[in-house]
Every structure is written in structure tokens, then in C-alpha cells.
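Structural overview
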Amino acid sequence: MADFSPAAKPALRPNNPNFSSGPCAKRPGFSLAALEGALLGRSHRAKEPKARLAEVITLSKSILGMPEGWRLGIVPASDTGAVEMALWSLLGARPVDVLAHESFSEAWATDVLKQLKLADARVIKADYGQLPDVAQIDFSHDVVLAWNGTTSGVRFPNGDFIPDDREGLVIADSTSAAFAMDLPWNKLDVVTWSWQKVLGGEAGHGMLALSPRAVERLTSYTPSWPLPKIFRLTSKGKLAEGIFVGETINTPSMLCVEDALDGLRWAQGVGGLKGLIARSEANLKAIADWVEGNERVRFLAEDAAVRSCTSICLVIDAPWFKALDAEGQAKAAKAVASLLEKENVALDAGAYRDAPPGLRIWGGATVETSDIQALLPWIDYAIDTVAQA
């Protein structure tokens with residue numbers, strides 16, 4: 001027997017049904033007219049295109065409040081490319097601790113253990129919806145972590161667990177955290193993200209930020225393995241400075257560059273980093289207020305202190321759902337996501353394929369809280385409708 005009676009469809013629909021966790025919703029009011037100034041058909045090495053690439057770097061550093069002395073470059077292959085460049089270029093000088101608590105941090109553990117085959121490496125794991133035990137970290141080691149678990153909906157609330165006098169480097173995959181969370185730059189040494197997340201940019205381009213400590217490692221240590229050209233950050237023992245002023249390793253899309261600049265300028269207009277964080281936190285609060293007392297759903301991250309304000313992951317908690325076996329739960333959760341898509345109220349809102357069955361609602365800064373609020377009754381409706389089936 002179902003737990004809830006069928007209800008009428010909600011009257012209000014989100015103005016924008018795009019709740020994908022990447023590529024994410026474009027900024028409010030976006031239209032293709034914003035890209036009319038793109039330098040299409042131009043060499044990215046010419047003066048004007050190179051200036052646009054440099055502007056992406058300078059605006060990003062300014063909005064994020066990146067400290068003096070940090071380098072920021074545009075790199076290929078999105079956040080994945082940026083993380084891989086860091087792992088393959090920097091690791092091997094010290095033992096490594098990898099924190100794995102969701103799909104992408106698990107992938108970095110696989111790289112370290114099975115591809116780089118580092119003997120002095122260990123993985124500190126946690127289940128989906130939880131953070132690893134940071135007390136186990138040895139900060140004389142290099143540390144690899146995902147600051148925000150895009151597929152699990154958890155984030156590190158602060159960097160207090162990272163000592164200022166650490167000996168190793170801290171490499172933080174921050175693709176769904178940058179521009180939505182206040183990153184503790186003094187506690188980190190490598191920070192990566194992509195254009196396709198919080199500012200709603202197009203996919204394919206990554207950002208790699210290096211602290212002075214990371215630069216010192218790059219210029220004083222040479223890995224024992226060969227590095228393909230696409231990963232090389234040094235030349236003849238010196239940092240390839242051009243990468244950090246707009247001279248990209250490979251050819252970027254100038255259309256995507258123009259789009260990234262549009263997102264950065266919009267970010268300035270909504271109050272910079274503080275405004276972006278406030279927008280994301282408002283989206284999380286709207287969902288938290290709805291979850292409280294709702295017998296249908298709960299957060300995958302049970303501890304409110306570590307819940308993500310961008311990749312907001314929910315699991316269905318109704319008794320009828322919990323009574324199903326694993327296969328039945330997976331089918332039911334997919335049915336809920338499919339119904340939301342059929343009604344055109346939430347596109348791409350299903351949980352990540354490796355995560356527990358449920359929903360994942362992107363709450364980054366480009367998503368309007370009013371659209372989140374309009375969506376929530378539809379989730380109730382979809383769960384109740386699937387329950388009847």
C-alpha cells in the first residue's frame with residue numbers, strides 16, 4: 001500500500017527547469033546575444049584573443065580573492081584535466097593520502113594507486129553522504145581530496161583540520177565549490193575547477209591554481225614517469241609562466257571564453273563571491289526547510305554542517321520505498337526523475353550513476369531560489385505518483 005494519496009499537479013512550475021550538476025544552468029537572463037563579441041575565427045595566440053583569456057584569469061582571481069603569489073591558468077579537459085595535471089606533475093616526491101568519499105575522489109584514488117602506482121599511497125574512505133576521518137591524515141604526506149563531493153552532496157565546512165605548517169601539498173578538486181564556497185586558500189596548495197559549474201559556463205575548459213609551495217615543487221622535482229605535452233607545466237626546470245597569463249597549452253574555444261567572461265561579469269554584478277555564496281546558500285536553505293518534516297525525503301548528507309549548497313543530494317525515505325530491494329529502489333528513483341523530466345520541471349535531476357538512488361538538485365549561484373521553491377512540490381507529486389505504481 002502506498003504511503004501517500006495521489007495529489008493534483010502543482011500549479012506553479014520553475015521558470016528554468018535546468019537543475020543539472022554539470023553543465024549547469026546558465027546565469028539568469030542569459031541569451032546567445034551575450035556571445036556576439038566572441039573572437040571567432042581568430043588565433044588564440046593573437047593579441048586580442050590572448051587578452052580575453054588573460055581577463056578570464058584576472059577576473060577569476062579577483063572574484064575568488066586568490067592570494068598574491070598564486071598562479072592561475074586555463075587548461076584543457078575541464079576539471080578532470082586540471083586535477084590530472086596536478087597529480088601527474090606533482091605527486092611522487094612524498095607519500096600520498098587520498099580522501100575518497102564519492103565518485104570523483106574515488107577516481108583520483110584509482111589514478112594514484114593503479115595508474116601512477118605510487119607505493120607509499122593510502123586511501124582514507126568514507127561512505128556517500130559522509131566525509132572521511134580527517135584525524136587519519138598525515139600532513140607530512142601530500143593530500144588529495146575533493147572539497148565538495150559533486151556526487152555525494154557533502155563538503156568540507158572549513159580548513160581547520162589542515163595545519164599551517166604541513167610538509168606535504170594539499171591538492172583540492174574544487175570544481176563544484178569554487179564561486180559558491182569560501183575556500184581557505186592558506187590551507188590549500190592546488191585548487192582546480194571548471195567553467196561548467198557554479199557560473200554556468202560551457203564544458204571543456206579547466207582552471208588550475210597553484211600556491212607558491214606548489215610552484216616550488218614543480219620546479220624542484222621531476223617525476224620518474226614521462227609526461228605528455230598536455231600535462232607539462234615546466235620547461236627546462238622553470239615554470240611555464242605563459243600558461244598563467246593566457247597562453248594555453250592547446251587551442252581553447254573563443255566562444256566558450258566569451259561565455260566564461262559573461263558569467264564572471266555577471267558574478268561581479270551580483271556582489272562578487274559574497275553574493276554568489278549567498279545565492280547558493282539560499283537554495284540549500286529552501287530545500288532544507290522543505291525536507292524538515294517531509295516524510296518522503298531526507299538529505300544523503302545527514303550532518304547539516306557538511307551539506308553541500310551546490311550538489312544537493314536527496315534520498316527517498318518513504319516506507320514504501322525503503323521496503324523495496326536495491327533493484328526496486330533504483331527503478332523507483334529513476335521513475336521519479338523521469339516524471340520530473342516528463343513534466344519539464346526538473347531536467348537531469350537523477351542521482352549520479354554510482355551514488356545511492358535518489359535525486360540531485362544543483363543549487364549553484366546561477367539557479368534562482370524561486371525556481372527551487374517551485375520545484376519542491378513537484379518532487380512531492382512525483383514521489384506520490386510513483387508510490388501509486
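This write-up is about the structure you can find in this document. In this text, all values refer to a predicted model and were calculated from it rather than measured experimentally.

A few words on the overall build of the chain. The helix and strand tally for the chain stands at nine helices and 12 strands. In summary, the chain has a C-alpha radius of gyration of 21 Å against a globular reference of 21 Å for 389 residues, a match within 12%. In terms of principal-axis extent, the alpha carbons of the chain reach across some 70 × 50 × 30 Å. Looking at the chain as a whole, 58% of its 389 residues are labelled buried. Looking at the chain alone, contacts between residues at least 24 apart form 72% of all its contacts between residues at least 6 apart. Entry remark: accessible area of the chain is about 16,200 Å², with carbon and sulfur atoms responsible for 50%. Each charge class in the chain can be summarised by its mean position, and for the 39 positive and 47 negative side chains these summaries are 6 Å apart.

If you check helix H5 (residues 254–269), its first and last C-alpha atoms are 23 Å apart, about what 16 residues at 1.5 Å a residue would give, namely 22 Å. Burial of H5 is extensive: 12 of the 16 residues sit out of reach of the surface. Every buried residue belonging to H5 is among Met 254, Cys 256, Val 257, Glu 258, Asp 259, Ala 260, Leu 261, Asp 262, Gly 263, Leu 264, Trp 266 and Ala 267, and all of these are buried. Buried positions along H5 lie against helix H1 (47–64), strand S7 (205–210) and helix H6 (272–291). In the stretch just after H5, Gly 271 is the one whose phi turns positive, near 105°.

On the basis of which strands lie adjacent, the open sheet formed by three strands has the order S10-S11-S12 and antiparallel pairing. Because the sheet does not close on itself, it has two edges, and the strands there are strand S10 (297–299) and strand S12 (359–362). Going across the sheet, the axis of each strand differs from the next one's by a mean of 35°, ignoring polarity. Looking at chain direction, S10 and strand S11 (residues 311–316) are connected through three bridges and run antiparallel. The residue bridging Val 297 from the neighbouring strand is Ile 316, located in S11. Along the sheet face, helix H9 (residues 369–388) touches S10, S11 and S12 and points at about 170° away from the line of S12.

Next up on the list: the pattern of salt bridges. Taken as a whole and judged by the stated rule, the model has 26 salt bridges. In this structure, Lys 187 and Asp 164 form a salt bridge, with 2.9 Å as the shortest nitrogen-oxygen distance. Taken together, the positions of Lys 187 in the loop between strand S5 (170–173) and strand S6 (190–194) and Asp 164 in the loop between strand S4 (142–146) and S5 put the pair 23 residues apart, joining distant regions of the chain. According to the relative accessible area criterion, Asp 164 is exposed, its value standing at 57%.

What follows covers the sheet that holds S4. Hydrogen bonding along the main chain pairs the strands of a sheet, whether they run parallel or antiparallel. Spatial ordering of the open sheet is given by S1-S7-S6-S5-S4-S2-S3, a layout of seven strands whose pairing is mixed. Because the sheet does not close on itself, it has two edges, and the strands there are strand S1 (71–76) and strand S3 (121–125). Taking the axes of each pair of neighbouring strands and ignoring which way they run, one obtains an average angle of 20° across the sheet. Note: S6 against S7, five bridges, orientation antiparallel.

Now for the packing of H6 against H9. Following both chains from N to C, one finds H6 and H9 inclined at 25°, their axes separated by 9 Å at the closest point. In this view, H6 runs roughly parallel relative to H9, as classed from their interaxial angle. In this structure, H6 meets H9 at a crossing whose hand is right-handed. When H6 is examined against H9, the residues Arg 279, Ala 282, Asn 283, Ala 286, Ile 287 and Trp 290 are found in contact with a partner set consisting of Thr 369, Ile 372, Gln 373, Leu 376, Ile 379 and Asp 380. Of the residues that constitute the contact of H6 with H9, the class distribution is seven nonpolar, three polar and two charged.

Let us look at unusual backbone geometry. With an omega of -10°, the peptide bond running from Gly 22 to Pro 23 counts as cis. By secondary structure assignment, the location of Pro 23 is in the segment before H1. Its identity is not glycine, yet Asn 344 carries a phi of approximately 60°, on the positive side. Assessed through its relative accessible area of 43%, Asn 344 is described here as partly exposed.

Quick reminder: α-helices carry 3.6 residues per turn. Residues three or four places apart thus point the same way. Over its 20 residues, H6 runs 29 Å from end to end, which matches the ideal 28 Å to within 8%, given 1.5 Å per residue. Where H6 is concerned, the buried positions are Gly 272, Leu 273, Gly 275, Leu 276, Ile 277, Ser 280, Asn 283, Leu 284, Ala 286, Ile 287, Trp 290 and Val 291. Residues of H6 that are buried in the fold lie against H1, H5, S10, S11, S12 and H9.

Here we come to the pairing of S3. Relative to S3, strand S2 (residues 96–100) runs parallel, the two being bridged by five bridges. When the bridges of S3 are listed, Val 96 appears paired with Ala 121. Between the parallel elements S2 and S3, the chain passes through helix H3 (residues 103–115) in a crossover that is right-handed.

Positionally, Thr 366 belongs in the loop between S12 and H9. Engagement of the side chain of Thr 366 in a polar contact is seen with the backbone oxygen of Ala 25, the distance being 2.8 Å. Sequence-distant contacts of Thr 366, defined by excluding residues within four places in its chain, comprise Ala 25, Lys 26, Arg 27, Pro 28, Val 198, Leu 199, Gly 200, Trp 266 and Arg 279.

The rules behind each value
Residues numbered from 1 in each chain as written. Predicted model: local features only at pLDDT ≥ 70, side-chain atom pairs only at ≥ 80, totals over all residues. Heavy atoms only, no water. Helix = DSSP H or I, 4+ residues; strand = E, 2+ residues; numbered from the N terminus. Rg over C-alpha atoms; globule rule 2.2 N^0.38 Å. Buried < 20%, exposed > 50% of the residue type's maximum accessible area, 1.4 Å probe, protein only. Contact = heavy atoms within 4.5 Å. Areas by Shrake-Rupley, 256 points an atom, 1.4 Å probe, with all protein chains shown as cover. Lys, Arg positive; Asp, Glu negative; His and termini not counted. Charge placed at Lys NZ, Arg CZ, Asp CG, Glu CD. Expected span 1.5 Å × (residues − 1). Pairing = 2+ DSSP bridges. Axes fitted to C-alpha atoms, helices over the stretch in contact; angles between N-to-C directions. Salt bridge = Lys/Arg side-chain N within 4 Å of Asp/Glu carboxyl O. Parallel < 35°, antiparallel > 145°, perpendicular 65-115°, else oblique. Left-handed = near helix turned anticlockwise from the far one by under 90°. Nonpolar A, V, L, I, M, F, W, Y, C, P; charged D, E, K, R; others polar. Right-handed = clockwise from strand over helix to strand, strands pointing away. Polar contact = N/O pair within 3.5 Å; in protein donor to acceptor, adjacent residues only side chain to side chain.

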